[in-house]
Amino acid sequence: MTSMALRLGRAALQRPRVTVAAAALVVALAVPGLLRLEIATDGRSLLPRQAPEALYDAALRRDLALRDPLAVVLWASHPDGIFNPVTLGAVTELTARLAAIPGVEPEHLTSLATEPGLRLRPGTLDPLPLLDPLPSTAPELARLRDDLDEIGLYDGVLRSADGRGTAIVVGVPDPGADEPGRRARLVRAVRARLAGGAPPGHTLELVGAPAAEALLGDHLLADLGRLVPLALVVMALVFLVAFRRLATALLPLAEAGGCLLVVFGAMGWLGIPVALNFAVLPVVLVAVGVADEVHVFHRFARLSRERPGRPVRDIVDATLEQMAPPVTRTSLTTAVAFLSFALSPIPPVRHFGVLAAAGVLACWLFTLTVLPALLVLVPRNRLLAPPRTAAAGRRQAFTAFAHLVTRRPWLAPAAAALLLAAVLPGVLRLRVEDSWLAGFDSASPLVRATDRFEEQFLGAHLLRVTVEGEPLERTGTVPESALDHDRLVLPAAADLPLERLAGARLWVTGAGGAEWRTWVESAVADGEATVLRLPPRGGSPRFSLAPRPGETIAWRLAAEPLLQPSVLARIAALEGFLADQPGVGGVHGPARHLAAVGRMIPITGEAALPDDPSRIAARWRNLATARGEGGLREVVDPEGYRRGLINVYLRGSTYAGSERLVAALADHERRHLAPAGLRLRLAGDVALSRALIAAVVSTQTTSLLLSLGLIFAVVALAGRTWRWGAVALLPPGAAVLLAFSAMGWLGVPLGVATSMFAGMVLGVGVDQAIHLLSRLRQVRRGGAAGAEAVATAVADVGPAVLTDALAVGLGFGVLTLSAVPANERLGALLVLAVGTCLAITLLVLPGLLVLVSRSRAAQPAPLAERGPASSPAG
């Protein structure tokens, strides 16, 4: 790559105008892709595509047509809370207004104006909606309150605990593969419909993951529009201060701007959406892309001062010869560090890694082709300021500093080791956490609205627990003697699981075709036979069928899990168990819905769970009548009645809390459900968050190990010794450990954004050490050795390394102004890491290099350090 870089650079020097024109053409071809860019802020875009939780959640949502809830919460300051005609009229009007939004499906719009109450339409069994007719008098309002208390299904979902708030829940569909921004557009449409505001004395708030995703998209666009120009300005100011020429400050901006246009234009052409973690990409590319130009300009300026009469083309060529090796190595190490993200299970992180690596290589190509061409085309007096006494003073200061750190080479490494040992326990305090609220400041309106919602409603986080059982169906024949008035004896050959037969439906058919339907009250083994006990209600099957002696009777058994009283009893116990767990605000499952529909449809006469499969089936049909077929499917699958859905509402869900809840569920399943052939599966945003956390940990571990290995290999191969690889990794390795310790001590969690931190630091932080090592090789080839060679190398590259760290650190520091707290924390960590790398490179590495040179003084010099001084570096 070094040889190729030199050839490309020298070709650019021969045809500078053609080189610049070719670069401009590439940028121009990429620009139209910007118009095709889409913003994807859906949390599911972060999920590993093959994670079992993600696959099951997608299948469940598809099968049951489930939607993510977006809660429009209306708060009333009336003394009676929401129980006044103005508030209830506003609920009706807002519901109608939201129903008119394209994409809002009627079956996925829920409010007090849509849900059934206890009164029936005249002449039917169809319940009237709670607000039909709209209550206006004190008795009607009191009756509405009593109805809500009696039903119990809407408390904490549509009515707040204090009675001052009511929610209108809009089901937001998943984004289509070709419409990554569909959810955000729907949320913005909801906001637009609410722009008219609420009646006097009322406030409106939006709560839920879709609201957070849309708002994060707004923050992402704001960051891209604000932070990128700011990063460019910061870079320009650093170059202006360092080189005191406007042209020198503008040239790096041309590289950074061109690189950004090419990368984001390519994203548009390739159909890669801009995800939440992409807000940092332009800042990273600006900082990393400009870093190498700092060293190129420093070397160009120094060679210009040392060779005042030489043509500028010769000076640029000499600059290329000296700088192509370290610039190629730094670009390659940074690129492979970013490429380590390509193995992440999180799709946007993979895209980030590949695009960042491509952007780094594009900047490398620009630095070694377009930049030399521009150095030839732009007059030298516009690029370089006249030498000043201050510059000589800085050189002398760095020379004195270099001799100071090499005089006692053990001092700085020992101090650094003690410091790291002191802070290292913070790594053990590091925690992993991520949620859709992590992207907002704790004082933001969305977080405050969510806190209020979780205080008065069941909770804003949803864990969907499905209870699944396999349907059982058996058929056979028995002689008429096996049928009695209250029992049926089946042979052992029927292979019947006794524990699953209680509550199974039974059909008995006589020889003449007459059929008797009943259900199994209990089943016991009697020798090699199975005795089914039949309920006494409904009469005697033997009397009804009147079989003749010797006649053969056909039988059919069907055990549909959620029609069995024993299974529903276990589910009711599970719902009660879940309701008692810490952090759970409420539980809505099959048992609770069946109890509620028993109160809503008066003909059933009771809320208790039926003990007869046929009456349970009737209760399910009544639920479909009350809440529609879609409402029924959100609770049970009516085809086989084998799966029931329990919605568990959590308040302030955390990874540690959800882990404890899932562990408790697994234990309950093992002890109480598995013996009955039932199993639990998890979905919903809480289950998906657990999968995302596992992916975050995997990303951090994989990227860290892969970056370490690849960077070590690149530097060791370039230096032809493993020692160089180990030495070069010390600054970024120490920076990563220090940053992780700081995160642990300060309580900063590891999330999707910060999961990319270690790989980025390794890729960027190794650059300074590479430049120092490359210069040391050149100095040794000039004849210097030992501490003197190290001191000379430090004095030579010190100003450039300092400017590099200042530019990169300030560039990353721009992220601390992000509207997204996760990106803000990432920026602060990167600034800390760059400062640590600078300190280790200039304070610790010189001493270590001196100690290594002393230990090897009596040994033959490595092959890399032999040969004539005129041989090309690298």
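Residues numbered from 1 in each chain as written. Predicted model: local features only at pLDDT ≥ 70, side-chain atom pairs only at ≥ 80, totals over all residues. Heavy atoms only, no water.

(A) Focus on the overall build of the protein chain. For the protein chain, the count of helices and strands is 25 helices and 17 strands. A principal-axis box enclosing the C-alpha atoms of the protein chain has dimensions of 120 × 70 × 50 Å. Total accessible area on the protein chain is roughly 34,900 Å²; 61% of this is exposed by carbon and sulfur atoms. Charged side chains of the protein chain number 83 positive and 73 negative; the gap between the two group centres comes to 15 Å. (Helix = DSSP H or I, 4+ residues; strand = E, 2+ residues; numbered from the N terminus. Areas by Shrake-Rupley, 256 points an atom, 1.4 Å probe, with all protein chains shown as cover. Lys, Arg positive; Asp, Glu negative; His and termini not counted. Charge placed at Lys NZ, Arg CZ, Asp CG, Glu CD.)

(B) How the structure looks around the pattern of salt bridges. Taken as a whole and judged by the stated rule, the model has 30 salt bridges. Note that Asp68 is salt-bridged to Arg183, the shortest N-O span being 3.0 Å. Here Asp68, found in strand 1 (residues 68-76), pairs with Arg183, found in helix 6 (residues 182-193); they are 115 residues apart in sequence, far enough to count as distant. An identical accessibility class is assigned to Asp68 and Arg183; each is buried. The closest approach of N and O atoms between Glu515 and Arg517, which form a salt bridge, is 3.0 Å. Judged by relative accessible area, Arg517 falls into the exposed class, the value being 62%. (Salt bridge = Lys/Arg side-chain N within 4 Å of Asp/Glu carboxyl O. Buried < 20%, exposed > 50% of the residue type's maximum accessible area, 1.4 Å probe, protein only.)

(C) Representation of the pairing of strand 11 (residues 515-519). The sheet contact formed by strand 10 (residues 505-509) and strand 11 spans 5 bridges and is antiparallel. In the sheet register, Thr509 faces strand 11, and the bridge partner there is Glu515. (Pairing = 2+ DSSP bridges.)

(D) Layout of the packing of helix 3 (residues 52-64) against helix 21 (residues 684-719). Where helix 3 contacts helix 21, the axes come no closer than 8 Å and their chain directions differ by 155°. Classified by the interaxial angle, the pair formed by helix 3 and helix 21 is roughly antiparallel. Crossing of helix 3 against helix 21: the hand is left-handed. Residue-level inspection shows Glu53, Ala54 and Asp57 of helix 3 in contact with helix 21, the latter providing Gly684, Ala687, Leu688, Arg690 and Ala691. Across the contact of helix 3 with helix 21, the residue classes tally to 4 nonpolar, 1 polar and 3 charged. (Axes fitted to C-alpha atoms, helices over the stretch in contact; angles between N-to-C directions. Parallel < 35°, antiparallel > 145°, perpendicular 65-115°, else oblique. Left-handed = near helix turned anticlockwise from the far one by under 90°. Contact = heavy atoms within 4.5 Å. Nonpolar A, V, L, I, M, F, W, Y, C, P; charged D, E, K, R; others polar.)

(E) Molecular detail of the pairing of strand 12 (residues 522-526). Here strand 12 runs beside strand 13 (residues 529-533); their pairing, made up of 5 bridges, is antiparallel. Bridging across to strand 13, Ala523 finds its partner in Leu532.

(F) Focus on the sheet that holds strand 17 (residues 678-683). In spatial order, the strands read 15-16-7-17; together these 4 strands make up an open sheet with antiparallel pairing. Each of the sheet's edge strands pairs with one partner strand only, and the pair in question is strand 15 (584-588) and strand 17. If you compare each strand with its neighbour and ignore which way they point, the axes differ by 25° on average. In terms of strand pairing, strand 15 meets strand 16 (residues 643-650) through 4 bridges, oriented antiparallel. Looking across to strand 16, one finds that Gly586 is bridged to Tyr649. Strand contacts of helix 21: strand 7 (461-469), strand 16 and strand 17, with the helix running at about 95° to strand 7, the strand carrying the most contacts.

(G) Region of the structure containing the packing of aromatic side chains. By the definition in use, this model includes 9 aromatic pairs. Between the aromatic rings of Phe278 and Phe352, the centroid separation amounts to 6.1 Å while the plane-to-plane angle is 80°, which identifies the pairing as edge-to-face. Here Phe352 lies in helix 11 (residues 347-377) and Phe278 lies in the loop between helix 8 (246-270) and helix 9 (281-306), a separation of 74 residues in the sequence. Of the two residues, Phe278 and Phe352, neither departs from the other in class, the shared state being buried. (Phe/Tyr/Trp six-rings, centres within 6.5 Å; stacked < 30°, edge-to-face > 60°.)

(H) Region of interest: the sheet that holds strand 10. With antiparallel pairing, 4 strands are arranged side by side in an open sheet as 8-14-10-11. The outermost strands of the open sheet, each flanked by one partner alone, are strand 8 (472-479) and strand 11. Strand-to-strand twist of the sheet, defined as the mean angle between neighbouring strand axes without regard to direction, takes the value 20°.

(I) Representation of the packing of helix 17 (residues 565-579) against helix 18 (residues 590-600) in the model. Running from N to C, helix 17 and helix 18 cross one another at 105°; their axes reach a closest spacing of 8 Å. By the angle class used here, helix 17 and helix 18 are roughly perpendicular. In this structure, helix 17 contributes Leu568, Ile571, Ala572 and Glu575 to the contact, and helix 18 contributes Pro590, Ala591, Arg592 and Leu594. Here the residues of the contact of helix 17 with helix 18 sort into 6 nonpolar, no polar and 2 charged.

(J) Representation of the environment of Val801 in the model. Relative to the helices and strands, Val801 resides in helix 24 (residues 786-813). Distance from Val801 to Ile711, taken between C-alpha atoms, is 19 Å for residues 90 residues apart in sequence. Sequence-distant contacts of Val801, defined by excluding residues within four places in its chain, comprise His295, Gln768, Leu838 and Leu842.

(K) Molecular detail of unusual backbone geometry. Omega for the peptide link from Asp132 to Pro133 comes to -5°, which places this bond in the cis form. Along the chain, Pro133 falls in the loop between strand 4 (127-129) and helix 5 (138-151). Its identity is not glycine, yet Arg244 carries a phi of approximately 60°, on the positive side. Residue position: Arg244 is located in the loop between helix 7 (209-243) and helix 8. By relative accessible area, which is 27% here, Arg244 ends up partly exposed. Backbone geometry at Tyr641 places phi at a positive 50°, although glycine is not the residue there. In this fold, Tyr641 is placed in the loop between helix 19 (613-633) and strand 16.

(L) The nonpolar core, seen in detail. If you look at the biggest cluster of nonpolar residues, it comprises 139 residues, and the most contacted ones within it are Leu281, Phe338, Phe352 and Phe757. The residues touching Phe352, leaving out its near neighbours within four places in the chain, are Asn277, Phe278, Val280, Leu281, Phe338, Phe341, Met756 and Met760. Core analysis: the next-biggest nonpolar cluster, separate from the first, contains 96 residues, Ala71, Leu109, Val465 and Ile646 among them. (Core = buried A, V, L, I, M, F, W, Y, C linked by side-chain atoms within 4.5 Å.)

(M) Structural detail: the confidence of the model for the protein chain. In this model, the protein chain carries a mean pLDDT of 85, and residues with pLDDT of at least 70 account for 94%. Predicted confidence is poor over residues 858-874, with pLDDT under 50, and the contacts of this stretch with residues over four places away or in other chains come to 19 contacts. (pLDDT = per-residue confidence, 0-100.)

(N) Spatial organisation of helix 6. The first and last C-alpha atoms of helix 6 sit 17 Å apart over 12 residues, in line with the 16 Å expected at 1.5 Å per residue. Where the residues of helix 6 are buried, they touch helix 3, strand 1, helix 4 (85-99), strand 5 (165-172), strand 6 (202-207) and helix 7. (Expected span 1.5 Å × (residues − 1).)

(O) Fine view of the environment of Arg7. By the secondary structure assignment, Arg7 is in helix 1 (residues 2-14). For Arg7, a relative accessible area of 58% translates into the label exposed. With 330 residues separating them in the primary sequence, Arg7 and Ala337 have C-alpha atoms 26 Å apart.

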